[in-house]
Amino acid sequence: MLEIIKTIIAEKLSTLTGVELSIAKGAVKVPEQTKHGDFTVPVMQLRLRNIASGSNPVQLAQTIANRFVADETIASASASGPYINFQIRCEALARHVLPSVHKLQDRYGQSSVGEGKRVVVDFSSPNIAKPFHVGHLRSTIIGNFLYKLHKLQGWDAVAMNYLGDWGTQYGLLAIGYAEACGSEEKLLADPIMHLFEVYVAINKLAEADPLVKERARAHFKKMEDGDPQALKQWQRFRDLSIAKYEEMYSRLDIHFDVYSGESQVSSGMTQAMQMLRDAGLLDIHNEAQAIRHDDPSLGNMVVEKSEGTSTYLLRDIGAVIERYDTYKFDKMIYVVGNEQSCHLKRIFKAVELLGLPWASSASLQHVGFGKVHGMSTRHGNAVFLDQLLAESARNMLAVMQGNPEKYASLENPVHTANVLGQSCVYIQDMSAKRNNGYQFEWSRMLSFRGSTGAYLQYTHARLCSLARSYREPDADADTENSHLQFDSVDYSLLSERLAKDIVILVAQYPDILASAMQTLEPCTVVQYLFALCHAVSAAWEELWVNGQPQHLALARMAMYQAARIVLANGLVLLGIPPLERM
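From a predicted model like this one, the values you see are computed outputs, not experimental measurements. (Residues numbered from 1 in each chain as written. Predicted model: local features only at pLDDT ≥ 70, side-chain atom pairs only at ≥ 80, totals over all residues. Heavy atoms only, no water.)

Draft legend 1. Quick peek at the overall build of the protein chain. A count of helices and strands for the protein chain gives 22 helices and 13 strands. Taking the principal axes of its C-alpha atoms as reference, the protein chain extends roughly 85 × 70 × 35 Å. Here the protein chain holds 582 residues, and the buried ones make up 52% of them. Within the structure as shown, the protein chain displays about 26,400 Å² of accessible surface, and the carbon and sulfur contribution to it stands at 49%. Averaged over its 56 positive side-chain charges, the protein chain has a centre that lies 4 Å from the centre of its 63 negative ones. (Helix = DSSP H or I, 4+ residues; strand = E, 2+ residues; numbered from the N terminus. Buried < 20%, exposed > 50% of the residue type's maximum accessible area, 1.4 Å probe, protein only. Areas by Shrake-Rupley, 256 points an atom, 1.4 Å probe, with all protein chains shown as cover. Lys, Arg positive; Asp, Glu negative; His and termini not counted. Charge placed at Lys NZ, Arg CZ, Asp CG, Glu CD.)

This is the structure:
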């Protein structure tokens, strides 16, 4: 929505200086600090002939600012060094922005920029027989954000969960289940946790007896050769694990369009191996076959082991070939931890060496992330996702019970605590740039103040409460305003700086989404939502609604409810259900 105001400023600059409109519009920026105006223009970016011929940019900024004439949109223009700073009338901005927000509701911020393009987002990707840990959580919530963001920007998006469900470790698992500690009862009760217990037990045995790993490799070879009995047991482990994962994804409201996995790659793997042979790209290394390449940092790119079984690399090369054949994607995003960076580079290098026309740095992207440190329960044990969410919910419930009156008013306090716990976990994870690891802190995560998920939810619930308490003059006294009407708002009443701060932030939301598309950073949206909530909190103390004259109350309600809509939209984009009461 800021594009409208930028265009107005650019048109005036073009008229005053003769600069092309497109250049003028590109020079109009939103400053980081409001003391520099609502919009600013670095004179050097206007590429004026006066500057090229040696004119002083500071003097030129002053000359242009002095020639500006205030109008119904631009309140003033002033020079600050080589910059021209513009103050916008809040009424004009609100008139452009707020009606659009109220009309579009949850569609506010959407764009058609990606129309006609397809993206496949590969995220979460847990390993069968291993509990869902915090590394998978990071991949899941970042990937879900990117999937939703691309859909909002008009892309045809495919959410893919590529399971780690193949390899020698499944030979170990089969032997461990049959000979070590396999239990049918425990398998049915909690398949993932029990298979993890089996995996840990058999690995301990393998450390003491090297023959265990030899037998595991032999069992996996039987799987690759299609042995019916070996595949039947593996398929059962896989199906039970996926059912358990789906329960967790449902709890988090995560949707996948397709569940795939290393085991599903068949024709693509065979095709990849044949293409590598035909291109003369294979060499023998220690009786194994590896791809010849010229990048020392990638090491040996082994695709077939000495015993004839496939490697993780070959399966992933085959997978990306199959994905392109199936989806004809314009972009393929892998949301995987930074520790897998070398592996992804090897995949990308392999398809580049094969000369595939769709294989480029623009179409194949690794969206990495750092590790979480200090991830443990208060009892000091390593924690898996279900334990993390349960403990977060328990702690939020304890905080809520500290206010008995509010707690009693909640229809479903347990659900509220679950959502709050999820909000806190998500926001702590996405507050900083994803490549940075972070220190997990229970005390910070559970706080209702500062930059936390609870604070965002508190602000949203408070805005919902304001809407419930506000009544239009002709409203039925027994009916809550479920849908307020803002058809006849006098936006000139929004004259305060605090109101202007909120309106500008609301107007920035579509630009924030466009920026997030460039950076692929959830923190771009998270930090914006914090700024919006801080602006709302600052306005609470001075810009009252209840008890104010009718037209003033309506104008402020239009502003506050636009902020609520944007906050809700942002939370949903981050994968967090907005709470209306807490």
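Past the structure itself, the notes keep going.
Draft legend 2. Summary view of the sheet that holds strand 7 (residues 282-285). Here three strands make up an open sheet; going across it, the order is 7-8-9 and the pairing antiparallel. On the outer flanks of this sheet lie strand 7 and strand 9 (301-304), each paired with one strand and no other. Averaged over all pairs of adjacent strands, the angle between strand axes in this sheet comes to 45°, irrespective of strand direction. Note that strand 7 and strand 8 (residues 288-291) share four bridges and pair antiparallel. Bridging across to strand 8, L282 finds its partner in I291. Contacting strand 7, strand 8 and strand 9, helix 12 (residues 267-278) crosses the sheet at an angle of about 120° to strand 9. (Pairing = 2+ DSSP bridges. Axes fitted to C-alpha atoms, helices over the stretch in contact; angles between N-to-C directions. Contact = heavy atoms within 4.5 Å.)

Draft legend 3. Broad picture of the packing of aromatic side chains. Under the counting rule described, the total for this entry stands at 15 aromatic pairs. Between the aromatic rings of Y177 and F237, the centroid separation amounts to 5.2 Å while the plane-to-plane angle is 70°, which identifies the pairing as edge-to-face. Residue Y177 is located in helix 7 (residues 168-181), and its partner F237 is located in helix 11 (residues 228-251); the two are separated by 60 residues in the primary sequence. In this structure, Y177 and F237 share a single accessibility class: buried. Taken together, F123, Y249, F256 and Y259 form an aromatic cluster joined through their ring pairs. One residue, R323, lies across the ring of Y162, its end atom 4.6 Å from the ring centre. (Phe/Tyr/Trp six-rings, centres within 6.5 Å; stacked < 30°, edge-to-face > 60°. Lys NZ or Arg CZ within 6 Å of the ring centre and 35° of its normal.)

Draft legend 4. Representation of the state of the cysteines. In total, this model carries zero disulfides according to the counting rule given. Residue C523 stays outside any disulfide, its sulfur separated by 16 Å from that of C533, the closest cysteine. (Disulfide = S-S within 2.5 Å.)

Draft legend 5. The nonpolar core, seen in detail. Grouped together as the largest cluster of nonpolar side chains are 145 residues, with contacts concentrated most on L13, F86, L98, V506 and Y560. Counting residues per element, this core draws most heavily on helix 22 (residues 550-573), at 14 residues. Discounting residues that sit within four places of it in the chain, L13 has contacts with G18, V19, A24, V28, V41, L46, I64, F68, I84 and F86. Counting residues in hydrophobic clusters, the runner-up holds 36 residues, among them I291, M301, V303 and I347. (Core = buried A, V, L, I, M, F, W, Y, C linked by side-chain atoms within 4.5 Å.)

Draft legend 6. View of the environment of A230. Counting through the fold element by element, A230 comes out in helix 11. When its relative accessible area of 5% is taken as the criterion, A230 is described as buried. Along the chain, A230 and D386 lie 156 residues apart, while their C-alpha atoms are 31 Å from each other. Residues within four places of A230 in sequence aside, it is in contact with H219 and M223.

Draft legend 7. Broad picture of the confidence of the model for the protein chain. Residues at a pLDDT of 70 or more form 94% of the protein chain, whose mean pLDDT is 89. The lowest-confidence element of the protein chain is helix 3 (residues 49-52), averaging 63 in pLDDT; the highest-confidence one is strand 4 (residues 118-122), averaging 98. Here residues 377-381 is modelled with pLDDT under 50, and outside its nearest four sequence neighbours on either side it reaches eight contacts, counting other chains as well. Here residues 477-481 scores under 50 on pLDDT; set against residues more than four positions off or in separate chains, the count is ten contacts. (pLDDT = per-residue confidence, 0-100.)

Draft legend 8. Just the sheet that holds strand 6 (residues 258-261), in detail. The strand order across the open sheet formed by five strands is 6-5-4-10-11, and the pairing between neighbours is parallel. The sheet is open, and its two edges are formed by strand 6 and strand 11 (364-367), each paired on a single side. Averaged over all pairs of adjacent strands, the angle between strand axes in this sheet comes to 25°, irrespective of strand direction. The sheet contact formed by strand 10 (residues 331-335) and strand 11 spans four bridges and is parallel. Along strand 11, the bridge assignment pairs Y334 with H366. Its contacts with the sheet put helix 13 (residues 312-327) on strand 4, strand 5 (156-163), strand 6, strand 10 and strand 11, and the angle it makes with strand 5 is roughly 150°.

Draft legend 9. Broad picture of the pattern of salt bridges. Taken as a whole and assessed by the stated rule, the structure comprises 21 salt bridges. Where K349 meets D294, a salt bridge forms, and the shortest distance between an N and an O atom there is 3.2 Å. Of this pair, K349 sits in helix 14 (residues 341-353) while D294 sits in the loop between strand 8 and strand 9; the two residues are 55 residues apart in sequence, bridging distant segments of the chain. Salt-bridge contacts for E352 lead to K349; the nearest nitrogen and oxygen are separated by 3.8 Å. Highlighted residues: E352 and K349, both in helix 14, separated by three residues, approximately one helical turn. Residue classification places E352 among the partly exposed residues on the basis of a relative accessible area of 48%. Taken together, the shared-partner salt bridges in this structure form one network comprising D38, R497, K500 and D501. (Salt bridge = Lys/Arg side-chain N within 4 Å of Asp/Glu carboxyl O.)

Draft legend 10. Local environment of the packing of helix 20 (residues 497-519) against helix 21 (residues 522-540). Interhelical geometry of helix 20 versus helix 21 gives an angle of 175° and a closest axis separation of 9 Å. Judged by the angle between their axes, helix 20 and helix 21 are roughly antiparallel. Contacts between helix 20 and helix 21 involve L498, I502, L505, V506, Q508, Y509, I512, L513, S515, A516 and T519 on the former and, on the latter, T524, V525, Y528, A531, L532, A535, V536, A538 and A539. Tallied by class, residues from the contact of helix 20 with helix 21 come to 16 nonpolar, four polar and no charged. (Parallel < 35°, antiparallel > 145°, perpendicular 65-115°, else oblique. Nonpolar A, V, L, I, M, F, W, Y, C, P; charged D, E, K, R; others polar.)

Draft legend 11. Spatial organisation of the environment of L554. Looking at the secondary structure, you find L554 in helix 22. In this structure the C-alpha to C-alpha distance between L554 and Q485, which are 69 residues apart in sequence, comes to 9.0 Å. Among residues more than four places away in sequence, those in contact with L554 are Y470, Q485, F486, S488 and V489.

Draft legend 12. Quick peek at helix 10 (residues 211-224). The end-to-end C-alpha distance of helix 10 is 20 Å, a good match for the 20 Å that 14 residues give at a rise of 1.5 Å each. Elements that come into contact with the buried residues of helix 10 comprise helix 7, helix 9 (191-208), helix 11 and helix 13. Of the residues one or two after helix 10, G226 is the one with positive phi, at around 85°. (Expected span 1.5 Å × (residues − 1).)

Draft legend 13. Quick look at the pairing of strand 10. Strand 10 sits mainly inside the fold: five of its five residues count as buried. Covered by surrounding structure in strand 10 are K331, I333 and V335 together with M332 and Y334, the residues of both alternating faces. Here strand 4 pairs with strand 10 via four bridges, running parallel. Its bridge partner being in strand 10, V121 is matched across the sheet by I333. On the question of chirality, the crossover connecting strand 10 to the parallel strand 11 by way of helix 14 is right-handed. (Right-handed = clockwise from strand over helix to strand, strands pointing away.)

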